[in-house]
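# Observations on the model geometry
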Amino acid sequence: VAAPTAGLHFTNNVLDSLSEKNIKTAFVTLHVGAGTFKPVKAGRMEDHLMHAEYIDVSRNAIEKTIFHTGNITAVGTTSVRTLESLYWLGIKILQNPLLSKPELGQWEIYEPGMQETTVHATEALSALVEWMKNNHQLRLFTRTQLMIAPGYKFRIVKRLITNFHQPQSTLLLLVAAAIGNNWKKMYDYALENDFRFLSYGDSNLIFMA
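About the cut-offs
- Residues numbered from 1 in each chain as written.
- Predicted model: local features only at pLDDT ≥ 70, side-chain atom pairs only at ≥ 80, totals over all residues.
- Heavy atoms only, no water.
- Helix = DSSP H or I, 4+ residues; strand = E, 2+ residues; numbered from the N terminus.
- Buried < 20%, exposed > 50% of the residue type's maximum accessible area, 1.4 Å probe, protein only.
- Contact = heavy atoms within 4.5 Å.
- Areas by Shrake-Rupley, 256 points an atom, 1.4 Å probe, with all protein chains shown as cover.
- Core = buried A, V, L, I, M, F, W, Y, C linked by side-chain atoms within 4.5 Å.
- Expected span 1.5 Å × (residues − 1).
- Pairing = 2+ DSSP bridges.
- Axes fitted to C-alpha atoms, helices over the stretch in contact; angles between N-to-C directions.
- Phe/Tyr/Trp six-rings, centres within 6.5 Å; stacked < 30°, edge-to-face > 60°.

### Things to note about the overall build of the protein chain
Counting secondary structure elements, the protein chain contains 6 helices and 6 strands. The N-to-C order of helical and strand elements in the protein chain reads α-β-β-α-β-α-α-β-β-α-α-β. The buried share among the 209 residues of the protein chain stands at 44%. Here the contacts in the protein chain between residues at least 6 apart in sequence split such that 80% fall between residues at least 24 apart. Approximately 11500 Å² of the protein chain is accessible, and the part contributed by carbon and sulfur atoms is 54%.

### So, helix α5 (residues 170-179)
Within α5, 10 of the 10 residues are buried, leaving the element largely enclosed by the surrounding structure. For α5, the complete set of buried residues consists of T170, L171, L172, L173, L174, V175, A176, A177, A178 and I179. Against α3 (77-95), β5 (159-163), α6 (182-192) and β6 (203-207) lie the buried residues of α5. At the exit of α5 stands G180, carrying a positive phi of roughly 70 degrees.

### Focus on the nonpolar core
If you look at the biggest cluster of nonpolar residues, it comprises 48 residues, and the most contacted ones within it are I62 and L86. Of all the elements in the fold, those that place two or more residues in this core are β2 (53-58), α2 (59-67), α3, α4 (121-134), α5 and α6. Residues within four places of I62 in sequence aside, it is in contact with V57, L86, L125, L128, V129 and M132.

### Here we look at α3
With 19 residues, α3 extends 27 Å between its outermost C-alpha atoms, agreeing within 8% with the 27 Å of an ideal straight helix rising 1.5 Å per residue. Burial runs high along α3: 16 of the 19 residues are buried.

### Overview of the sheet that holds strand β3 (residues 73-75)
On the basis of which strands lie adjacent, the open sheet formed by 3 strands has the order β3-β5-β6 and mixed pairing. What marks the edges here is a single partner per strand, and that holds for β3 and β6. Within this sheet the neighbouring strands show an average axis-to-axis angle of 20 degrees, counted without direction. In the sheet, β5 pairs with β6 via 5 bridges, with the strands oriented antiparallel. Bridge assignment links R159 to a residue of β6, and that residue is F207. Sitting on the sheet, α5 touches β5 and β6, and the angle it makes with β6 is about 40 degrees.

### A few points about the packing of aromatic side chains
The full count for this structure, using the stated rule, is 10 aromatic pairs. Ring centres 4.9 Å apart and planes at 90 degrees place the aromatic pair Y87 and W88 in the edge-to-face group. The same class applies to Y87 as to W88, namely buried. For the pair Y152 and F154, a centre-to-centre distance of 5.0 Å together with 80 degrees between the ring planes defines the contact as edge-to-face.

### Some remarks on the pairing of β2
Most of β2 is tucked away, with 5 of its 6 residues classed as buried. Here 6 bridges tie β2 to strand β4 (residues 139-144), and the two strands are oriented antiparallel to one another. Residue pairing across strands places V57 opposite L140, the latter belonging to β4.

### What to know about the environment of A61
Among the secondary structure elements, A61 is positioned in helix α2. C-alpha of A61 to C-alpha of R139: the two residues are 78 residues apart in sequence and 9.2 Å apart in space.

### Some points on the environment of G105
Of note, G105 is situated in the loop between α3 and α4. A residue is classified by how much of its surface remains accessible, and G105, at 16% relative accessible area, is buried. Taking the C-alpha atoms as reference points, G105 and Q145, 40 residues apart in sequence, are found 4.9 Å from one another. Excluding residues within four positions of it along the chain, G105 makes contact with Q145 and L146.

This is the structure we're talking about:
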């Protein structure tokens, strides 16, 4: 129901330029639902019902992520949710290798012991790839309800390219999780300098705190 906001900045010329600089790319898909734009009206974050969306990622893209030795930059909040969901799906498979269909609920990763896990991203993603091989799947198509909010520890993504989001949105919660209270300074600067917001607006590069 929406354009790939941050992805719109990446023309073929830009992608060619990245390739010339030996910056590797991989593509993931998250089918964005209307829930992305549902305002957070609850007085407490935990009372907000996060929308569920479907991700579609090739086994090749996951393997590229495993063998990538540098920092990973996600283009768009949807890419962040997809990549981080892959980590937690891998954790679920490590906990239960016979899992028939790995999916991710809204609060699963915030259960006791989950945020403290020391499993490296490579190990979690490798478990996911092995599960796909055992189940003869070249693509992972599954449901995620992952909610990324302040206090979340990022496992795969180290940088984020995204646009400027509206108040009271889960997208802004994700940005706050990425850089802490500095998001307020960034948004104040954008407002003071007439930056363009939302889908066809300006973008920014965030380094995860």
